[in-house]
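Read off the chains here:
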Amino acid sequence: MSRAKPNSDPLIQQLRSVLPDSCIVSDPASMKPYECDGLSGYRQMPRVVVLPTTVEQVQAVMKACQASKTPVVPRGAGTSLSGGAMPHKNGVVLSVNRLNRILDIDGQNRCATLQPGVRNLQISDAVEHLGLYYAPDPSSQIACTIGGNVAENAGGVHCLKYGLTVHNILQVKIVTLNGDLVTLGSTAPDSPGNDLLALMMGSEGMLGIVVEVVVRLLPRPPLARVLMAAFDDIEKAGNAVANVIASGVIPAGFEMMDRAAITAAEDFVRAGYPADAEAILLCEVDGTEQEVNAQLDRVKALLDKAGATQISLAKDENERILFWSGRKNAFPAVGRISPDYYCMDGTIPRKEIGNVLTRISAMADKYGLGVANVFHAGDGNLHPLILYDANKPGDFVKAEEFGGEILDLCVAVGGTITGEHGVGVEKIDRMCVQFDEATLAQFLAVREAFDPDGLLNPDKAVPTLARCAEFNAMHVHHGKLPHPELERF
Amino acid sequence: MTDLSRDIAARVQVGFEKGSPIDIGGAGTKSFLGRPSPTATTLDVTGHRGIIEYDPAELILVARAGTPLQEIEDTLDSRQQMLGFEPPFSAQGATLGGAVAAGLAGPRRAYSGAVRDFILGASFINGKGEIITSGGKVMKNVAGFDLFRPMAGAMGTLGVLLKAALRIVPRPEAEETLLHEENDETTALEKMNRWALQTQAISAAAWDGENIRIRLSGSSAGIAHGEVQIGGEKLTESDYWNDLNNFRLEFFKQQGRLWRIALAPMSGPIGMNSPQLIDWGGAQRWLMSDEPADDIRARVAHLGGHASCYSDDPAVPTFQPLQGDLLALNQRLKAALDPAGILNPGRLDPKL
Ligand SMILES: Cc1cc2nc3c(=O)[nH]c(=O)nc-3n(C[C@H](O)[C@H](O)[C@H](O)COP(=O)(O)OP(=O)(O)OC[C@H]3O[C@@H](n4cnc5c(N)ncnc54)[C@H](O)[C@@H]3O)c2cc1C
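These numbers were taken from a predicted model, which means no experiment stands behind them.

**Brief notes about the overall build of chain A**
(1) Moving on: On a plain count of helices and strands, chain A comes out with 17 helices and 18 strands.
(2) Moving on: Expected size for 489 residues packed as a compact globule is a radius of gyration near 23 Å; at 23 Å, chain A falls within 12% of this value.
(3) Moving on: Across its three principal directions, the C-alpha atoms of chain A cover 70 × 60 × 45 Å.
(4) Moving on: Within chain A, the fraction of its 489 residues that count as buried is 61%.
(5) Moving on: Counting only contacts in chain A whose residues sit at least 6 apart along the sequence, the fraction spanning at least 24 positions is 72%.
(6) Moving on: Put simply, chain A has 43 plus and 58 minus side-chain charges, and the middle of one group is 3 Å from the middle of the other.

**What to know about the domain arrangement of chain A**
Residues and elements named next belong to chain A.
(1) Moving on: Domain boundaries assigned for chain A yield domain 1 (10–95), domain 2 (102–219), domain 3 (223–333) and domain 4 (338–488).
(2) Moving on: Placing the centre of domain 3 and that of domain 4 at their C-alpha centroids yields a distance of 28 Å.
(3) Moving on: Facing 16 residues of domain 3, the contacting portion of domain 4 comprises 19 residues.
(4) Moving on: Between domain 3 and domain 4 we count zero salt bridges in total.

**Notes on helix H17 (residues 465–474) of chain A**
Residues and elements named next belong to chain A.
(1) Moving on: Among the residues of H17, Cys468, Phe471 and Asn472 are the ones counted as buried. Taken around the axis of H17, the buried residues stretch over an arc of 95 degrees, which confines them to a single face. Of the residues in H17, the exposed ones pointing more than 90 degrees away from the buried face are Ala466, Glu470, Ala473 and Met474.
(2) Moving on: Turning to H17, the residues buried within the fold contact helix H15 (431–434) and helix H16 (437–450).

**Brief notes about the site of the ligand**
Residue and element names in this part refer to chain A.
(1) Moving on: The local shell around the ligand holds 34 residues, among which Pro74, Gly76, Thr79, Ser140 and Thr145 are the closest.
(2) Moving on: The contact in question runs from an oxygen atom of the ligand to an N or O atom on the backbone of glycine 76, over 2.7 Å.
(3) Moving on: One of the side-chain N or O atoms of serine 140 is found 2.5 Å from an oxygen atom in the ligand.
(4) Moving on: Where the shell around the ligand is concerned, the elements lending two or more residues are strand S3 (72–75), helix H5 (146–152) and strand S10 (209–216).
(5) Moving on: The greatest single-element share of the shell around the ligand, amounting to five residues, is contributed by H5.
(6) Moving on: By residue class, the composition of the shell around the ligand is 13 nonpolar, 17 polar and four charged.

**Comments concerning the domain arrangement of chain B**
All names here are of chain B.
(1) Moving on: Along its sequence, chain B is carved into domain 1 (5–171 + 330–337) and domain 2 (174–254 + 257–309).
(2) Moving on: Distance between the C-alpha centres of domain 1 and domain 2: 27 Å.
(3) Moving on: Every contact between the two is made by 12 residues of domain 1 and, on the other side, 15 residues of domain 2.
(4) Moving on: In this assembly, domain 1 packs against domain 2 so that about 1200 Å² is buried in total across both faces, 54% of it on carbon and sulfur atoms.
(5) Moving on: Looking at the side of domain 1 facing domain 2, the largest losses of area belong to Pro107, Arg108 and Tyr111, adding up to 51% of the total buried there.
(6) Moving on: One can count two salt bridges joining domain 1 with domain 2.
(7) Moving on: Across the pair arginine 108 and glutamate 175 runs a salt bridge whose closest N-O atoms are separated by 3.1 Å.
(8) Moving on: Taken together, domain 1 and domain 2 are joined by six residue pairs in polar contact (both at pLDDT 80 or more).

**Regarding the state of the cysteines**
All names here are of chain A.
(1) Moving on: Inspection of every chain in the model, using the stated rule, returns one disulfide over all chains.
(2) Moving on: Two residues share a disulfide in this structure: cysteine 432 and cysteine 468, whose sulfurs sit 2.1 Å from each other. Taking the torsion about the sulfur-sulfur bond, which here is approximately -80 degrees, the covalent link between cysteine 432 and cysteine 468 counts as left-handed. Taken together, the residues span a long stretch of sequence, with cysteine 432 in helix H15 and cysteine 468 in helix H17 at a distance of 36 residues. Accessibility assignment for this pair places cysteine 432 and cysteine 468 in one class, buried.
(3) Moving on: The cysteine cysteine 111 is free of any disulfide, with cysteine 159 supplying the nearest cysteine sulfur at 19 Å.
(4) Moving on: Cysteine 111 gets classed as buried once you look at its relative accessible area, which sits at 5%.

**What to know about the interface of chain A and chain B**
As a measure of interface size, the accessible area lost when the parts come together is often cited.
(1) Moving on: On the side of chain B, 72 residues touch chain A, which itself brings 84 residues to the contact.
(2) Moving on: Around 6300 Å² of area is buried between chain A and chain B when both sides are counted, 60% of it from carbon and sulfur atoms.
(3) Moving on: Counting across the chain A and chain B interface gives six salt bridges.
(4) Moving on: Linking B:Arg116 and A:Asp195 is a salt bridge whose minimum nitrogen-to-oxygen distance equals 2.8 Å.
(5) Moving on: Counting across the chain A and chain B interface gives 23 residue pairs in polar contact (both at pLDDT 80 or more).
(6) Moving on: Secondary structure elements with two or more residues in the side of chain A that touches chain B: helix H6 (159–162), strand S9 (181–185), helix H7 (196–200), helix H8 (234–246), helix H10 (289–305), H15 and H16 of chain A.
(7) Moving on: Per-element accounting of the side of chain A that touches chain B gives the leading share, nine residues, to H16(A).
(8) Moving on: Its residues placed into classes, the side of chain A that touches chain B shows 38 nonpolar, 29 polar and 17 charged.

**Some details on the sheet that holds strand S8 (residues 169–175) of chain A**
All names here are of chain A.
(1) Moving on: Read across the sheet, five strands follow the order S5-S6-S10-S8-S9 without closing on themselves; strand pairing throughout is antiparallel. Edge strands, defined here as strands with exactly one partner in the open sheet, are strand S5 (102–106) and S9. Geometrically, the sheet is characterised by an average inter-axis angle of 15 degrees between neighbouring strands, direction not taken into account.
(2) Moving on: In this structure, S5 lies alongside strand S6 (residues 111–114), joined through four bridges in antiparallel fashion. Looking at the pairing, aspartate 104 lines up with threonine 113 of S6.
(3) Moving on: Sheet contacts for helix H4 (residues 120–127): S5, S6 and S10; angle to S5, the most-contacted strand, approximately 45 degrees.

**What to know about the confidence of the model for chain B**
(1) Moving on: When pLDDT is averaged along chain B, the result is 96; 99% of the residues meet or exceed 70.
(2) Moving on: Under the prediction, the complex receives an ipTM of 0.97, its pTM being 0.96.

**Overview of a negative patch on the surface**
(1) Moving on: Judged by side-chain charge, B:Asp290, B:Glu291, B:Asp294 and B:Asp295 come together as a negatively charged surface patch.
(2) Moving on: Owing to a relative accessible area of 38%, B:Glu291 belongs among the partly exposed residues under this scheme.

**With respect to the environment of B:Ile278**
All names here are of chain B.
(1) Moving on: With respect to the helices and strands, isoleucine 278 occurs in strand S14 (residues 276–279).
(2) Moving on: Taking the relative accessible area as the measure of exposure, isoleucine 278 reaches 0% and is therefore buried.
(3) Moving on: In this structure, the C-alpha to C-alpha distance between isoleucine 278 and glycine 222, residues 56 residues apart in sequence, is 25 Å.
(4) Moving on: For isoleucine 278, the residues in contact, after removing those within four places along its chain, are Glu185, Leu189, Met192, Ala205, Ala206, Trp207, Gln284 and Arg285.

**A look at the nonpolar core**
Residue and element names in this part refer to chain A.
(1) Moving on: Counting residues in each nonpolar core, the largest one holds 161 residues, and the members touching the most others are Ile169, Val172, Val215, Met256, Leu303 and Phe402.
(2) Moving on: The element contributing the most residues to this core is helix H14 (residues 395–412), with eight residues.
(3) Moving on: When residues no more than four places from it in sequence are discounted, the contact partners of valine 172 are Val150, Val182, Thr183, Leu184, Leu197, Met200, Met201, Val210, Glu212 and Val213.
(4) Moving on: Val157, Ala261, Phe323 and Phe331 belong to the second-largest nonpolar core, a separate cluster that totals 26 residues.

Definitions and cut-offs
- Residues numbered from 1 in each chain as written.
- Chains lettered and ligands numbered in written order.
- Predicted model: local features only at pLDDT ≥ 70, side-chain atom pairs only at ≥ 80, totals over all residues.
- Heavy atoms only, no water.
- Helix = DSSP H or I, 4+ residues; strand = E, 2+ residues; numbered from the N terminus.
- Rg over C-alpha atoms; globule rule 2.2 N^0.38 Å.
- Buried < 20%, exposed > 50% of the residue type's maximum accessible area, 1.4 Å probe, protein only.
- Contact = heavy atoms within 4.5 Å.
- Lys, Arg positive; Asp, Glu negative; His and termini not counted.
- Charge placed at Lys NZ, Arg CZ, Asp CG, Glu CD.
- Domains from an automatic or database assignment.
- Salt bridge = Lys/Arg side-chain N within 4 Å of Asp/Glu carboxyl O.
- Arc of directions from axis to C-beta.
- Near = heavy atom within 4 Å.
- Polar contact = N/O pair within 3.5 Å; in protein donor to acceptor, adjacent residues only side chain to side chain.
- Nonpolar A, V, L, I, M, F, W, Y, C, P; charged D, E, K, R; others polar.
- Buried area = accessible area lost by both parts, 1.4 Å probe.
- Disulfide = S-S within 2.5 Å.
- Pairing = 2+ DSSP bridges.
- Axes fitted to C-alpha atoms, helices over the stretch in contact; angles between N-to-C directions.
- pLDDT = per-residue confidence, 0-100.
- Patch = residues over 30% accessible without salt bridge, like charges linked within 9 Å, V, L, I, M, F, W, Y side chains within 5 Å.
- Areas by Shrake-Rupley, 256 points an atom, 1.4 Å probe, with all protein chains shown as cover.
- Core = buried A, V, L, I, M, F, W, Y, C linked by side-chain atoms within 4.5 Å.

Okay, here's the thing in structure tokens:
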């Protein structure tokens, strides 16, 4: 690592006393890749990046940062779509990338112990020979880390049946800001005291650095088959999703794409989707052959009744992979048809899918921007991709406003502003719409219990009350806060 | 259907101002778990009841904390649905709030999840008398800290639950129990865990020293597959699992203190010469023993688990007492939610 000039920053001097030089990155060129995460519209150069190789080093860095009141931003692979891993200008970026070993695989107890930098897909690969796998499968699974998954409570295509990260983690070890190493949870089904393990899930790097994770492994289902159903109307497709779930079938995965996403995906990977459809559903069921066949019969009948214009069952494993390839490549496919896109992540009750998609399409006309929808329909977790051009002045601002209006709509129909991508810097103001003042103050108090100085990932995920007062003042319509009438559930 | 949120909040607020401890009172079916503070006055929350929303198609139900579980279960049953965590004591009048606070789950736990896994959101009153709402009623939600989840198992020490939104599951099409004779503990543990790899249909697995019982749930196709994998004698007695869940089996009528041991399922035998009943495929073990509490706890801790004493003995803390940094973190969390320390003090841990 080349350094332009010796660094005189006292913080860096101090980090040098607890870390080998090879673990410290401080010259601007080498720090550049850390400037943003997957939400590239938000950028900030950090003061310094550290890449510890041991838990003791993480503890030493935390102690040094607490002593000098320096902000710390934890970072995994940097695939966050909400700016959660965006650096703080006075702070340290603590990357766990070099803590990337699989420490133990326990086939008998069906669990594995991992360092936080282990990549999601690496886990399933490492236990495949035991007939096991790790269920949560975010689309970013080639790159994202298990530590980042814990911090975001990541979901994926198969979470409908097998649960989110929170349902598949047995234990984590964290380093708190004062350098303590604390074990939360255990390989037993529960552990003494409060369920702090659950509290860590989705805490966006604000409560501690995750330095070790024990994941639960599941047996691989003997067979999985996928159906593709086409619809000539998006509301019909939305209602079909609600009907299948209501019937008592829980598919392993249940995804939806609208016309814009279908076209983009077809042009990119030729997955065999019908080009004239307004929407398609991909419905995967798994289990033994008999179970799969019984479920397929039921799902087919329901989709038919819901008005599907075409239903195709992938005839073999190759075609199954082909059907999924269109969905899995949908983001990059959309990236080919638009210079930039902005990915939203609200969740709504399933019965609102048709209604909300129709209203999003009306908003697209209003803002004069395109939108493609590709999402986890079975969980009601939307991913509208707003198409814009960062080089066009004002386009990103328009995209952000459009996105904000979508999120307000999600809250208004009884949903949430984020299903799996986290609040980060991106949606922090929208937290003021979703939560009341007492609850936000409670979140801040809980954070203080872990980090009294507020140095871990500051200015993210949970807004201060002053910030909300300002935001709400700007968003008062006719003297009213957005949706004051709403009880959140 | 009564909404007493404001009244309950006002009561807590007074407690906060005066620093006087409150013992949150549900139906009392779990009074053996933890001991209420002797100076606390009881705040009866059973009047705050009623199902607020039930949407079978969305698989969600929202109910006030005082709602009897039986009412919820009957409502779900009429639509071929059920709670996914099989809580005990419905027949004795247990309430939703108590079920969540105690976090007790039935035989299904090892295969389908804990109480906290089925909560989507909750409202509760913190120790200052403020109403806090976290989570929601949709399947995926990562906005804000998930304060609703630690409510499960907190024994009321973090807040007075007002209502909870639950994820509901379809009732399995069919269910049956298979019996295998087995006298050896290690072999029994091995079998139960091997079968769990071979079929997704297992919804309970227990060993009583002589027999392994396996419950299969699901579609008839899934159960048929499970039968082939596991074999054994089909049982007609249908109340076994319910009796196990509600401490009604003969096992629980023996002399001695009742211990609940939680372990990784394939941890070897605990090696105590006391009557034992293994549930959750090995992850929950019931022990009838008058051996010194510290000995039992040390032995279990050595295997990576923990032990709770379910018999009323003032000399033995119900739950394994916390220590060190983990205790400190729990104390700070308690102080963040209940700064005056008035909500069920000592019920979960003597120092909380
Ligand atoms: C193409 C694409 C598809 C995606 N698909 C999905 C999807 O299907 N489902 C889904 O849920 N998400 C998805 N994501 C979002 C993202 O991949 C997840 O949020 C992932 O969990 C982030 O992991 P990471 O290692 O990249 O973490 P980072 O982006 O590095 O960090 C994310 C957050 O976690 C914190 N953090 C990271 N490591 C630690 C640690 N060790 N201790 C404490 N805090 C830590 C960071 O401070 C930050 O707040 C997608 C992203 C992309 C780019």
